Each structure stands twice: as structure tokens, then as C-alpha cells.
Amino acid sequence: MSLLPKTFHDFSSKQYWNTFFSKRGEKAFEWYGEYAELCGLLHKYIRPSDNILVAGCGNSTLSADLYRVGYRKLTNVDNSEVVIRQMRDKHKSDCPDMVWLRTDLTAMDVADGGFSVVLDKAALDALMTDDSPSVVEFVDKYFREVSRVLRVGGRFVCVSLLQEHILQHILKWFPADGWMVRVCRCEDAEKSQSESGKFSFPVFVVVCTKFKQMPNFKPVIEVQFDGETAQRVEAASEVVERVRELQQYALLRHTLHTKSVVGESTSVQLCDPSDGTLRYTLYVVDSKDSSRPVKFAVFIVPLGREREWLFGSVKGREELSKSAGVVRLLVAHLHHHHHHDDTTTTTTTAPPRTLKQIQDELSAKVMELAPSRLPANTKVPFLSVGEEVGEVEVVARGTSQHAGAYVVEDTHPPGAQPIRRLIFLNNQAVVQSEARILRENQNRKEKEKEKRKKKKGGKKNTQPQRPQQPPSTTLDHSYLSCQHHAAMVGGLAMAPRTDPILLLGLGGGPLATFIHNNFTEAALTAVELDSAMVEVARQWFGFTPDDRLKVEVCDGLDYVERMAQEGHKFGAILFDVDSKDSSEGMSCPPAAFVEPMFLQRVAQCLSEGGLLILNLVCRDEELRAKTITTIKSAFPTVLQQDIPGEVNCILHCLLAPPGEAEGLRGRFEGKVKGLNVRLSRRYEKEEEEDVWELAEMVKGLRVV
């Protein structure tokens, strides 16, 4: 499998193109590939019998190369009289039938519908320097000329590096006029640059096919990034994102090849090119100590152990690199390969992977991330914990109106307790909910028994399968899988003990169940927008409402508004609700939950001494600061608790005057220490790490 990179967030588009233009200098031709690298795609979309107009031909040898292999109907146009004269003189003997014409690309002196192909190699890139109104108007004139000179069924074949403003304009202009658009990746051109030691930029060939305009036409946009397979996309934004990913990955490769990234949080995601499903996340860990015995290695993290400190945190991975004695270590997190077919709502799971299969799949890609001066034919060691990578069993699958397709899976890490997880297929890198399994699923044992029967020649069970039933599995409800949930629980130590608690966002329900079991003097109401998630929580995560634990299926915004109007009070209100709109720049909570008016309603619903506990996930530092300022306008005292190794931070928001903040901070620490002792005694854990050290976590608590 040829893995493709997914979104890489640590390099900006501005940095990418600044690097490109500083490297390119004046020799633009070299960066787009010569005939030998482009011919595979050009021959696929241009026939020798085509009447071809080469737009902005310049002094490129591409036309002559095409002529020599049998393309005879070639008209070359450029607005430079000098270059037209030079090229006509240069090729009058070896390409006698070629036409050279000096003309303006926005007003070409050629007949309507006279060509079946317009070939553009870098001309559009030269014309569209930015997306200012004057430039866009100029390019639109060029596109209208391309449309005029092409016959119906003709193709505009454009070789480009596809800066984002160029790609977006192509995807806006041509589909709106009824054209089909296909964006192809020219890997041969990239390989040629890489082999020659140059900065390897992705080169694309965009093929726009002209059709008659028809009413109610649905735009057809396709991508072809993996050889022969073309895939249709639903929205132009998908193409923009995938092209950006390839460009950023090229910069990542260049950066990793030329320098160390010590102290930087650097990662890249790799996906299956056939359907875009996520396969691996690779974390790059560089060391300052270049004397370490191993220069480059890959560590495979077993399934189910990704969240452990050693593998799931920056400091942990640095310690792993040190203990392995590696200068550059790639730490690979595996993602179980779920497919979702929207036409059948059937979810399938790829078979378990062995270490050998993983090594074979990753070998080519990891070498692209290797440090410079690595000797040729270096055999890169693949490391792991033991010989197994773990297994995953899907126990439930379904589709939610709000979150799309989901699976509930039981992960069996080698040498560790199994874990049940809820995962949305549109974001498989994120575990929505997680609970530890105490007793093995009896259904799993029955399956193993059935396999043994088959091996002994037993008859296959031909009885119709029963509908999905909840498995006879016992979950450890004393276990909190993530640190931000532990931090939120710590905040409850400050809340009035007997006042009701309100939780916005249920998910699979582990947090709600933990609070219900351990804060027995308070009633808890969980509000969840998605009724499908409530059923998942009941059936698969042991969420059991009673007279102290209630669930409301409605919009949390509406519920708080109603509670405020009716005068209900809560000792603590917790926000653990994620955003489905990635364009907001904030993963949690949705933007509407931190609007000033809504925060005032939340404050109105708090009893005396109550607090808002908010899980904030925002990578945009400016947006995060703005959000916290907005929160402080409603809550004068805010204590911020950063989660080591995570983007999450927990905000404990109180109505106390700012002057009391430091005193509250000290009181907070004392309360959390007491809660930590109580939980440790209650559960009598065999392993020390089974209890979250809440007291340790609050050491990073600070007044905002």
C-alpha cells in the first residue's frame, strides 16, 4: 500500500511558499518537470490526433518533445515576440509543422472552438500571482478565452504547483461553467526532483473537460493521487485540503532532511489512499545527543496503549527515545482501519496487523522522514513491546444523525487489560469515550469456541444471526481514561457537596458514571444532543440512570436557557461537549457555548459557591486568549489547569471577586488532595498508576 500523508499542522502555507520561491529563483521550468516526468499523465489526457494549443509556451522544450513522439498539431502562443521568434527559428527544421504565434492569452487571435486541447505548463502560475481583484479579473479573461477556443469535449490540461488561491479559483470557475475537473498528482516529477537532491515539490496536472451547460448540473470534481484510481469528491474544499496536505508534507520532508527538530512537537498522519481512512500517526522525536548509537529507528506502539505516558506525551516519547539510544525516533501510533459504506451503513474492520505487515507498510514512508547523511541501504530497526501489536474487536456499529457513523470496539493490548472505545469514523484519530474492561466478553469466548469446532471438522452454525445485544462485559467504572476528565473531577471538590450537578455532553458516559458513583450526595443531570449516544452509553458503557442520575436529550444551550428561566440552581456545571464544525478553530466547546449572553445564563444557574468547569481545546493561541477573556467577563475568577502533553486545558470559573483568587487557589489544592485520598481508599487499587494523582495535577493550577 502506498500511504498518503494527512493534515500536518506545524508548517504554515506562508512558510511553504516562501521556501519554494527562495529556492526556485529564476529557473521556474525545472520545478515543474520535463517531458520525461510529465509524459505519463500528458499521454493519458492528450491524444496524438488532438489539435493542441500550448498557452504561454515560453522557451520550454515540451512542445518539441511532444512533436518528436507523434503530436503534430501544435500551435504555440506567447505574448513575447522575442521568445516566439527564437523558438520558431530554433525548431523550424526539426518541427516544421509547428505553429508559433505571438498573441495575448486574454484575447487570442485564434478561431472559436478550433482546438481539442489547451495545454498550460506553469503559465497560469505566472499569471495568477495572488487573488487580488485585478489579478482575478485578468485570469477570468484567460479562462474565458480557453473556453472559447476549445470545442465541446475539449480539455484544458494545466501543469501547476497549485498554490491555494490558484486551486480554489480553478475549482470555483470551471465547475460553475459546467466543466468536469480532475486534479492529478504527478509523482514522477517529484521523484526526479528528489533524486537530483532538490527540494521536492508536489507537481499537479489539472484536467478540465468542457461540456455543454445543462440545467441542474451537479459539478463533477475528482482527484487522482495514487496512480490509476480516480476518486470523486463531494466538495471542492476536500481537494484543497488534500493538496495542502501533500504540500505541507513536502516541506516537512525537506525540514527533517536538512535539520533537527529537537524540542518541536512534530507529527504526520498517514492514510489509505483508496478511501482516506487513517492508518498511522508518526511522532518525530529528535535528540540533541548526536552520539547515540542508533541514528534512526521506528517504535511501534501496541494497540490500546497510545494514551500511556511513555507513548502519548511529548516528555514520555523523549524518555522512550533516550532509553532506546536513538538520535531520531519515529513513534508510530496505529489506527484500526474501519471502513464505512454510506450506501449500506455497514462498517467493516481490517484484519489484525502483525509487526511484519506494519514494517512492510511503513518502510517506504519512514525513509522519507529519515535524517540527512544516513548511509545508503541503511536497515532501519523497528522496535516495539514484545512481538504482538494487539487486537481489536468491533462489538457495535451504527450511525448517528449528528456525528455520522461510529463503532464501539474492544481493544486487547498485549500484556494489558482490554479497553472499550467509542470512535466516530469521520475522525478515527480521536477516541470519543473509553472504559476499561474487567471481565472478558463472553461473546468473544463463544467465537473462539466456534473456531475450534471448525478446525475439528464441526458443522458451521447456519442459524440466523441474532440482532446485536449488549455483551456480558463488566467495565471498571472507577477508571478515568483521560487526564482532562480527572482534572474536571478534581474541580468538583470545590463545589457545594449536596447541590445538583449539570454535565453538558454525555458521549459514552464514563465521566457521568464516575461522578454519579463518587459524589453520592449530589444528583447529576447529563444533557446530550444525540439520542444515539445515549443508547450507546446505556448498552455498551454501563450508563444506568436512576433517581440521582438523569439524562436529558436536547440541545445544551436550550436546556441552560430553560433552567435559568425556571430558577434552577446547580453546584457545578461542566462543559464536556465537542464541536462538529472544524472551521471554528476550537474543538471544544462549540463557539456558541462561550458567547457572553450564554455564559451569563450559566452564571445565573449556579448556586452560591458554585462553579463552571469547562474543557477548552483550542490550538489557536489568539482565539484561546480571546475565549478566556470572554469567560472572565462573566466569571471574575478563573483558575486554569493545563493538562501535560495535551491541548486540553480545564478552566474552573467562579463568581468570587478577583481579589479572592489566590486564596481560592490554595483552598482548591487542599480540597483536591482530600478528594484524591478518598478515591484512593475507596477503590484500593492494586497498582499505584491506577489512581489519578489529582494532587499532582493541580500543581500547575494558576490564576488567569
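Small disclaimer: the values here were computed from a predicted structure and weren't measured. (Residues numbered from 1 in each chain as written. Predicted model: local features only at pLDDT ≥ 70, side-chain atom pairs only at ≥ 80, totals over all residues. Heavy atoms only, no water.)

Colleague: Run through the overall build of the chain, naming residues and quoting values.
Modeller: Looking only at helices and strands, one finds 21 helices and 31 strands in the chain. Here the analysis covers contacts within the chain between residues at least 6 apart in sequence; of these, 70% occur between residues at least 24 apart. (Helix = DSSP H or I, 4+ residues; strand = E, 2+ residues; numbered from the N terminus. Contact = heavy atoms within 4.5 Å.)

Colleague: Can you lay out the side chain of serine 160 for me, pointing to particular residues and giving the numbers?
Modeller: Among the structural elements, serine 160 can be located in strand S6 (residues 150-160). Only 2.6 Å separates the side chain of serine 160 from the side chain of aspartate 125, close enough to count as a polar contact. With sequence-adjacent residues up to four places away left out, serine 160 is seen in contact with Tyr32, Asp125, Ile166, Val203 and Phe204. (Polar contact = N/O pair within 3.5 Å; in protein donor to acceptor, adjacent residues only side chain to side chain.)

Colleague: Tell me what's going on with unusual backbone geometry, and back it up with residues and numbers.
Modeller: Residue proline 589 is reached from cysteine 588 by a cis peptide bond, and omega for that bond is -5 degrees. Considering the arrangement of structural elements, one finds proline 589 in the loop between strand S27 (586-588) and helix H18 (596-604). The phi dihedral of alanine 122 falls on the positive side, at around 75 degrees, and the residue is not glycine. Positionally, alanine 122 belongs in the loop between strand S5 (115-121) and helix H5 (123-127). Even without a glycine there, the phi angle at leucine 162 is positive, about 55 degrees.

Colleague: Let's hear about the packing of aromatic side chains: which residues, and what values?
Modeller: The full count for this structure, using the stated rule, is 13 aromatic pairs. Considering the side-chain rings of phenylalanine 143 and phenylalanine 156, the 6.2 Å spacing of their centres and the 65 degrees angle between planes classify their relative orientation as edge-to-face. Linking phenylalanine 143 in helix H6 (residues 133-149) with phenylalanine 156 in strand S6, this pair joins segments that are 13 residues apart in sequence. Here phenylalanine 143 falls in the buried class, since its relative accessible area comes to 0%. The exposure class of phenylalanine 156 is buried, given its relative accessible area of 1%. Between phenylalanine 575 and phenylalanine 593, the ring centres sit 5.6 Å apart and the planes meet at 85 degrees, which makes this aromatic pair edge-to-face. Here phenylalanine 575 is found in strand S26 (residues 570-575), whereas its partner phenylalanine 593 is found in the loop between S27 and H18, with 18 residues between them in sequence. Taken individually, phenylalanine 575 and phenylalanine 593 each receive the classification buried, so the pair is uniform in this respect. Feature note: the residues Tyr142, Phe143, Phe156, Trp173, Phe174 and Trp179 constitute an aromatic cluster, connected by ring pairs. The ring of tyrosine 67 is capped by arginine 72, whose NZ or CZ atom sits 4.4 Å from the centre of that ring. (Phe/Tyr/Trp six-rings, centres within 6.5 Å; stacked < 30°, edge-to-face > 60°. Buried < 20%, exposed > 50% of the residue type's maximum accessible area, 1.4 Å probe, protein only. Lys NZ or Arg CZ within 6 Å of the ring centre and 35° of its normal.)

Colleague: How would you summarise the pairing of strand S19 (residues 404-412) if you had to cite specific residues and measurements?
Modeller: Along any regular strand, the residues point their side chains to alternate faces of the sheet. Counting buried positions over the nine residues of S19 gives eight, a clear majority of the element. As paired elements, strand S18 (residues 391-400) and S19 share nine bridges and run antiparallel to each other. Of the residues in S19, the one forming a bridge with alanine 396 is valine 408. The antiparallel hairpin formed by S18 and S19 contains three residues in its connecting segment. The pairing of S19 with strand S20 (residues 419-424) spans six bridges and is classified as antiparallel. Across the sheet, residue valine 408 finds its bridge partner in S20, namely leucine 422. Hairpin connection of S19 to S20: six residues between the antiparallel strands, including glycine 415 at a positive phi of 75 degrees. (Pairing = 2+ DSSP bridges.)

Colleague: Please set out the pairing of S26 residue by residue, giving values where relevant.
Modeller: Taking burial as the measure, the six residues of S26 include six buried ones, the bulk of the element. In the sheet, strand S23 (residues 501-504) pairs with S26 via four bridges, with the strands oriented parallel. Residue pairing in the sheet places leucine 502 in a bridge with isoleucine 573 of S26. Sheet analysis places S26 next to strand S28 (residues 606-618), joined by five bridges and oriented parallel. Looking at the pairing, isoleucine 573 lines up with leucine 612 of S28.

Colleague: Before we move on, can you summarise the nonpolar core with the specific residues and values?
Modeller: If you look at the biggest cluster of nonpolar residues, it comprises 41 residues, and the most contacted ones within it are Phe156 and Val183. With seven residues, H6 is the largest single contributor of residues to this core. Residues in contact with phenylalanine 156, not counting those within four places in the same chain, are Val118, Asp120, Tyr142, Phe143, Val146, Leu150, Phe174, Trp179, Val206, Val207 and Cys208. (Core = buried A, V, L, I, M, F, W, Y, C linked by side-chain atoms within 4.5 Å.)

Colleague: So what's going on with the confidence of the model for the chain? Which residues, and what values?
Modeller: Interpretation of this model should avoid reading the predicted coordinates in detail wherever pLDDT is low. Of all residues in the chain, 82% have pLDDT values of 70 or greater, and the mean over the chain is 83. Of the regions scoring below 50 in pLDDT, residues 441-447 engages in 13 contacts with residues more than four places distant in sequence or in other chains. In this model residues 458-471 is a low-confidence stretch, pLDDT under 50, and it forms 17 contacts with partners more than four residues away in sequence or in other chains. (pLDDT = per-residue confidence, 0-100.)

Colleague: Before we move on, can you summarise H18 with the specific residues and values?
Modeller: Each full turn of the α-helix corresponds to 3.6 residues, which orients residues three or four apart in the same direction. Along H18, the residues classified as buried are Phe598, Leu599, Val602 and Ala603. Seen from one end, H18 has its buried residues packed into an arc of 145 degrees, which puts them on one side. Looking at the buried positions of H18, the neighbouring elements they touch are helix H17 (556-566), S26, S28 and helix H19 (621-634). (Arc of directions from axis to C-beta.)

Colleague: Go over the packing of H18 against H19, please, and point to the residues and values.
Modeller: Direction vectors running N to C along H18 and H19 enclose 45 degrees, while the axes themselves pass 9 Å from each other. Here H18 lies oblique to H19, going by the angle between them. As for how H18 packs across H19, the hand of that crossing is right-handed. Of H19, the residues touching H18 (which contributes Pro596, Leu599, Gln600 and Ala603) are Thr630, Ile631, Ser633 and Ala634. Looking at side-chain class alone, the contact of H18 with H19 contains five nonpolar, three polar and no charged residues. (Axes fitted to C-alpha atoms, helices over the stretch in contact; angles between N-to-C directions. Parallel < 35°, antiparallel > 145°, perpendicular 65-115°, else oblique. Left-handed = near helix turned anticlockwise from the far one by under 90°. Nonpolar A, V, L, I, M, F, W, Y, C, P; charged D, E, K, R; others polar.)

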